[in-house]
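Chain residues, written in single-letter form:
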Amino acid sequence: MSIRRVVLAWLLGALAPSLAWADNPLIVEAALDREVAAPLLDAFEAAYPHIQLTFRDRSTLEVDARIADTNDPPDVVISSAMPWQMARVNEGYARRLDSPAAREWPAWAKWRNEVFGFTFEPIVMAYRLDLARHMLPPTTHADLHTLLTQQRGTLRDKVTTYSPVRSGIGYTLFQQDARYTTRFWDLVAAMGAADANLEANTRSMLEGLSEGRYWLGYNLLGSYAMHWAQSHPEVFVQVPQDYSLVMMRMAFIHRDAPHPAAARAFLDFLLGREGQRVIAGETPLFSVRSDVVGPYTAQRLRDQVGERLYPIPLNASLLAFVDPSRRAAFMDRWQREFRRLSHPAPAPSAAATEPRIDKRAQR
């Protein structure tokens with residue numbers, strides 16, 4: 001073979017990945033605010049300019065519904081509703097990723113090299129300045145219960161948290177709270193007695209805090225709350241000091257991904273050093289990798305919170321949370337407890353409804 005042919009073959013081999021991705025679309029269905037993820041998405045587009053990224057920001061339950069739409073499947077699925085993601089992977093909707101980044105990913109943040117937790121986000125409380133003018137803001141779950149009990153009149157209609165019916169992540173967080181504290185149901189009853197507003201997403205809670213409709217928010221996604229507080233000085237974020245849940249955004253390649261090469265490139269970028277470096281330094285999503293530095297890393301969060309940090313495990317135990325009978329039993333008790341102090345003899349209700357819904361439409 002002539003030198004010219006050798007050089008030509010080498011060039012074609014080197015350019016093969018670029019040619020495979022040239023003008024290749026990539027569809028990502030994500031329960032992830034584009035505004036928060038913008039630095040990460042921008043970095044990917046800079047690294048892969050020939051991949052045309054379509055990023056669809058939806059609610060957790062909307063994302064879950066899109067997974068099952070086999071007539072128009074996405075390439076990559078991202079969601080914070082960990083049990084729902086695990087259930088879809090268990091149903092066979094994920095394509096295995098066999099790459100160095102996937103193989104080297106921490107075992108506690110992946111399952112069968114099919115789904116990967118690529119962020120490490122604390123769950124927080126948030127409050128606005130009005131609250132601090134009337135009472136000492138809570139720093140623990142016990143503080144929150146005390147305020148709701150002793151300051152019920154002042155806080156009536158001023159507290160917000162997730163709707164466990166219309167939010168997959170909200171339901172997951174409450175399930176985890178019930179696991180870690182025996183006082184959880186007393187807290188639910190106290191929120192119900194204070195006419196807490198149940199919202200479908202963290203953004204709605206934050207908007208209500210900034211607008212003054214709410215003074216105190218419980219179980220917000222820390223990444224969104226921290227990002228919001230940077231441009232809304234009236235909102236303060238508190239990582240609970242007794243214990244703090246941590247959730248991971250779970251990502252996988254859809255088994256029927258129409259653009260699998262682009263999907264693999266995207267997932268490898270999320271898990272790779274460059275993507276994790278952007279997460280750690282330019283977003284409040286908190287990186288998982290231990291070889292990157294920045295203000296938002298899992299290790300830095302562990303250093304700050306210590307043993308009080310309770311990550312939601314990424315393993316098959318998540319499947320129990322979407323078991324229909326378990327979900328129905330949990331929601332039935334939720335409704336009873338939410339009504340307990342304000343309605344001593346509640347009428348029977350179906351598990352698909354709830355006593356109070358958010359006052360603003362879901363975005």
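You'll find the structure just up there.
Structure report, in brief.

Tallying secondary structure elements over the protein chain gives 16 helices and 14 strands in all. Buried residues in the protein chain amount to 53% of all 363 residues. In the protein chain, the share of contacts with a sequence separation of at least 24, taken over all contacts with a separation of at least 6, comes to 75%. Element-wise, carbon and sulfur atoms account for 52% of the exposed surface of the protein chain, whose accessible area totals about 15300 Å².

Below, the discussion takes up the nonpolar core. Counting 113 residues, the largest nonpolar core has L26 and W334 as its most contacted members. With 8 residues, helix 13 (residues 260-271) is the largest single contributor of residues to this core. In this structure, L26 is in contact with F44, I51, Q52, L53, T54, D75, V76, H259, A262, A263 and F266, ignoring residues within four places of it in sequence.

Within helix 15 (residues 298-305), the full set of buried residues consists of A298, L301 and V305. In a view along the axis of helix 15, the buried residues occupy a sector of 60°, so they form one face of it. Against strand 7 (121-128), strand 12 (244-247) and strand 14 (309-311) lie the buried residues of helix 15. Looking one or two places after helix 15, you find G306, whose phi comes out positive at around 70°.

Quick look at the pattern of salt bridges now. Enumeration according to the criterion identifies 25 salt bridges in this entry. Of the charged contacts in the structure, one is a salt bridge between D33 and R203, with a shortest N-O distance of 3.8 Å. Here D33, found in the loop between strand 1 (24-30) and helix 2 (34-47), pairs with R203, found in helix 11 (residues 202-211); they are 170 residues apart in sequence, far enough to count as distant.

Looking now at the environment of A257. Turning to its location among the elements, A257 is positioned in the loop between strand 13 (250-254) and helix 13. Note: C-alpha distance between A257 and A94 (163 residues apart in sequence) is 9.2 Å. In contact with A257, other than residues within four places in its own chain, are P74, D75 and R95.

Counted under the stated rule, the structure contains 2 cavities of 30 Å³ or more. Roughly 60 Å³ of volume is contained in the largest cavity. Looking at the lining of the largest cavity, the elements with two or more residues in it are helix 2, helix 11 and helix 12 (222-231). The element best represented in the lining of the largest cavity is helix 12, accounting for 3 residues. Lining the second largest cavity, in full, are I123, M125, H141, D177, Y218, N219, P240, Y243, S244 and L245. Elements with a contribution of two residues or more to the lining of the second largest cavity: strand 7, strand 10 (216-221) and strand 12. Among the residues making up the lining of the second largest cavity, the classes are represented as 6 nonpolar, 3 polar and 1 charged.

Cut-offs used in this document
Residues numbered from 1 in each chain as written. Predicted model: local features only at pLDDT ≥ 70, side-chain atom pairs only at ≥ 80, totals over all residues. Heavy atoms only, no water. Helix = DSSP H or I, 4+ residues; strand = E, 2+ residues; numbered from the N terminus. Buried < 20%, exposed > 50% of the residue type's maximum accessible area, 1.4 Å probe, protein only. Contact = heavy atoms within 4.5 Å. Areas by Shrake-Rupley, 256 points an atom, 1.4 Å probe, with all protein chains shown as cover. Core = buried A, V, L, I, M, F, W, Y, C linked by side-chain atoms within 4.5 Å. Arc of directions from axis to C-beta. Salt bridge = Lys/Arg side-chain N within 4 Å of Asp/Glu carboxyl O. 1 Å grid on protein atoms, 1.4 Å probe; cavity = no way out; pocket = protein on both sides within 12 Å on 5 of 7 lines; lining within 4 Å. Points joined across faces, edges and corners; volume = space filled by probe spheres on them. Nonpolar A, V, L, I, M, F, W, Y, C, P; charged D, E, K, R; others polar.

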